[in-house]
Amino acid sequence: MAENAEQVKQSKKEQLSSSDIAAFCSQLSLMLRAGIPAAEGLGILRDDIQDAKGKKLISGIAAQVDMGEPLFAALRASGAFPKYMVDMVEIGEKTGRLDDVTASLSSYYERDEYLSRTIKNAVAYPAVMIVMMAVVIVVLITKVLPIFSDVLSRLGATLSPLAQGLLNFGTALARYGALILGVIAVIAMAYLILRNTRWSGAFLHKIYTRGFATKRFAATVAAGRFANAMALMLQSGLDTQESLDMAYQLVDDEAMRDKIERCGALMKEGVTFSQAVQDTEIFSGVNARMLRVGFQAGALDKVMADIARRYEDEVDERMGRAISLLEPTLVAVLSIIVGMILLSVMLPLMSIMSSIG
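This structure is a prediction, so every number in the text was calculated from the model and none was measured.

About the cut-offs
- Residues numbered from 1 in each chain as written.
- Predicted model: local features only at pLDDT ≥ 70, side-chain atom pairs only at ≥ 80, totals over all residues.
- Heavy atoms only, no water.
- Helix = DSSP H or I, 4+ residues; strand = E, 2+ residues; numbered from the N terminus.
- Buried < 20%, exposed > 50% of the residue type's maximum accessible area, 1.4 Å probe, protein only.
- Contact = heavy atoms within 4.5 Å.
- Areas by Shrake-Rupley, 256 points an atom, 1.4 Å probe, with all protein chains shown as cover.
- Expected span 1.5 Å × (residues − 1).
- Phe/Tyr/Trp six-rings, centres within 6.5 Å; stacked < 30°, edge-to-face > 60°.
- Lys NZ or Arg CZ within 6 Å of the ring centre and 35° of its normal.
- Axes fitted to C-alpha atoms, helices over the stretch in contact; angles between N-to-C directions.
- Parallel < 35°, antiparallel > 145°, perpendicular 65-115°, else oblique.
- Left-handed = near helix turned anticlockwise from the far one by under 90°.
- Nonpolar A, V, L, I, M, F, W, Y, C, P; charged D, E, K, R; others polar.
- pLDDT = per-residue confidence, 0-100.
- Arc of directions from axis to C-beta.
- Salt bridge = Lys/Arg side-chain N within 4 Å of Asp/Glu carboxyl O.
- Core = buried A, V, L, I, M, F, W, Y, C linked by side-chain atoms within 4.5 Å.

Topic: the overall build of the protein
- A count of helical and extended segments in the protein gives 16 helices and zero strands.
- Taking all 357 residues of the protein together, 38% fall into the buried category.
- Nonlocal contacts in the protein, meaning residues at least 24 apart in sequence, comprise 60% of its contacts between residues at least 6 apart.
- Taken as a whole, the protein presents about 20400 Å² of accessible surface, with 61% of it coming from carbon and sulfur.

This is the structure we're talking about:
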C-alpha cells in the first residue's frame, strides 16, 4: 500500500496532455463497453504502455482500484488528470454510465487537443513576426536613430519630440540592456516555477473568466459544460433536480455557478426547469427555446445534448474568428509603429532637403 501511495505521489508532478487523456478515455470506454471491468481494463492498459512514466501512473491507479477505491478517487489521487475529467468520471460511476462518460470525455479532449494545436499553429507565425519586428524596432532606436540625430544636428535641425523620446529610450535600452534581459529571465523562470501552483492557477482562471476579451468565451465554455453534464445525467435516469445539483459541482465558472444555484432555488419554488433556466439566463435565445420545446416534449436529455454540441460549435467558431483576426491585427499594429518611427525621422530630413533645394 505504501508503494502504491508513492506511485500516486510521484505522478502528481504533472498532468497528462489532452491527447493522452483522450487516448486513455477512448481505450477505457472500449473495454467497458466490451464488458471488461475497470480494474481489469486498467491492467490491460498498463501492460500495453511502453512509456515508463505512463506505466507507473497506470499501475498506481490500477492498484488503488484493486484495493476497492472508486476509479474517480484513484484518478484524483494521481494528480495527473484535470478536475473536470475526474468529476465526470465520478458522475459516470455513480450513474452507471461510465462507458458513455469516458467516450464523451474522449471526444471532449480530442477537440481540446485540436483547438490547442490549431492555436499553436496559428500563433506561431505571428509570434515569430513579433520577435523579428521587435528586433527591427530595437535596431532602429538604438543604432539608426543616433545616426540620423547626428546628421540632423550637423544640418542645424533637431529630431521631432517623438523621435527624441524614442532616441532617449534607445539610449537607456542600450545602456541597461543586460539588466533588462536579466529581469525578463527572472520573470520567465518565476512563471515556469509558479505556473502549476494552486495560487497561480486560481489567479489565471479569474483573469480568464473576468477578462474583457475572454469573459464571453469563458461563459460559452461553461454553458457547454453544463449542457453536456446535464445531458449525461438525464440520460442516466436522474431527475432534473439531482442532475442540476451534480452539474453545479462540475462548473468552475463563478457566474455560471451562481446561475445554477438560482435556477435550483426557483425550481424548489415550483418554477419549471425550462423557465428557471431562461429566467436565470443560463441559456438564451435559440438554446432557451430549444430547451423549452424539449422539456414539453419529454426529450430533455436529447435537447441538452444538442445544446451542448451547439455550444461546442460556437466555441470553435469564436476561436477560429479570434485566430483569423490576430495575424492582420499584429501586422497592422507593428507596421504603424515602424512607420511612425521612420516618419518621425524622415520628415525633418525631408524638410531640410527641400529648403536646401
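Some details on helix α11 (residues 215-235)
- Relative to the 30 Å expected for 21 residues at 1.5 Å per residue, α11 spans 30 Å between its end C-alpha atoms, a close match to the ideal helical length.
- Counted residue by residue, α11 has 16 buried out of 21 residues, so it is predominantly covered.
- In the segment just after α11, Gly237 is the residue with positive phi, at about 100 degrees.

Things to note about the packing of aromatic side chains
- According to the stated counting rule, one finds three aromatic pairs in the structure shown.
- By way of ring pairs, the aromatic residues Phe226, Phe283 and Tyr311 are connected into one cluster.
- Of note, Arg257 hangs over the ring of Tyr248, and the distance from its end group to the ring centre comes to 4.1 Å.

A short note on the packing of helix α6 (residues 83-95) against helix α12 (residues 240-250)
- Relative to each other, α6 and α12 sit at 155 degrees, their axes nearing to 9 Å. The angle between the axes of α6 and α12 places the two elements in the roughly antiparallel class. In the packing of α6 onto α12, the handedness of the crossing is right-handed. On the side of α6, the interface is formed by Lys83, Tyr84, Asp87, Met88, Ile91 and Lys94, while α12 contributes Met246, Gln249 and Leu250.
- Split by residue class, the contact of α6 with α12 holds five nonpolar, one polar and three charged.

Points about the confidence of the model for the protein
- Mean pLDDT over the protein stands at 80; residues scoring 70 or higher make up 86%.
- Confidence, expressed as mean pLDDT per element, reaches its minimum in the protein at helix α1 (residues 2-10) with 43 and its maximum at helix α5 (residues 71-78) with 91.
- Throughout residues 1-13 the model reports pLDDT below 50, and contacts reaching past four residues in sequence, or to other chains, amount to 19 contacts.

Focus on helix α13 (residues 254-268)
- Its 15 residues place the ends of α13 21 Å apart at the C-alpha level, agreeing with the 21 Å of an ideal helix rising 1.5 Å per residue.
- Among all positions of α13, only Met256, Ile260, Cys263, Gly264 and Met267 are buried. Along the axis of α13, the buried residues cluster in a sector spanning 100 degrees; they form a single face. Along α13, the residues that are exposed and aim more than 90 degrees away from the buried face are Glu261 and Lys268.
- Looking at the buried side of α13, the elements it contacts are α11, α12 and α14 (273-279).
- Positioned one or two residues after α13, Gly270 has a phi angle of 105 degrees, which is positive.

Some remarks on the pattern of salt bridges
- All chains considered together, the criterion is met by 10 salt bridges.
- Note that Asp100 and Arg33 form a salt bridge whose closest N and O atoms lie 3.0 Å from each other. Of this pair, Asp100 sits in helix α7 (residues 98-154) while Arg33 is found in helix α2 (residues 18-33), placing the two residues 67 residues apart along the sequence.
- In this structure Asp100 comes out as partly exposed when scored by relative accessible area, which is 21%.
- A salt bridge links Arg309 to Asp306; its shortest N-O distance comes to 2.2 Å.

A look at the nonpolar core
- Residues Phe24, Phe81, Met85, Phe226, Phe273, Phe283 and Met304 are the most contacted members of the largest nonpolar core, which totals 65 residues.
- The greatest single-element share of this core, amounting to 10 residues, is contributed by α11.
- Met304 has contacts with Phe226, Ala227, Met230, Ala231, Leu234, Phe273, Phe283 and Leu291, leaving out every residue within four places of it along the chain.
- Counting residues in each nonpolar core, the second largest holds 13 residues, with Ile137, Leu159, Leu166 and Val338 among its members.

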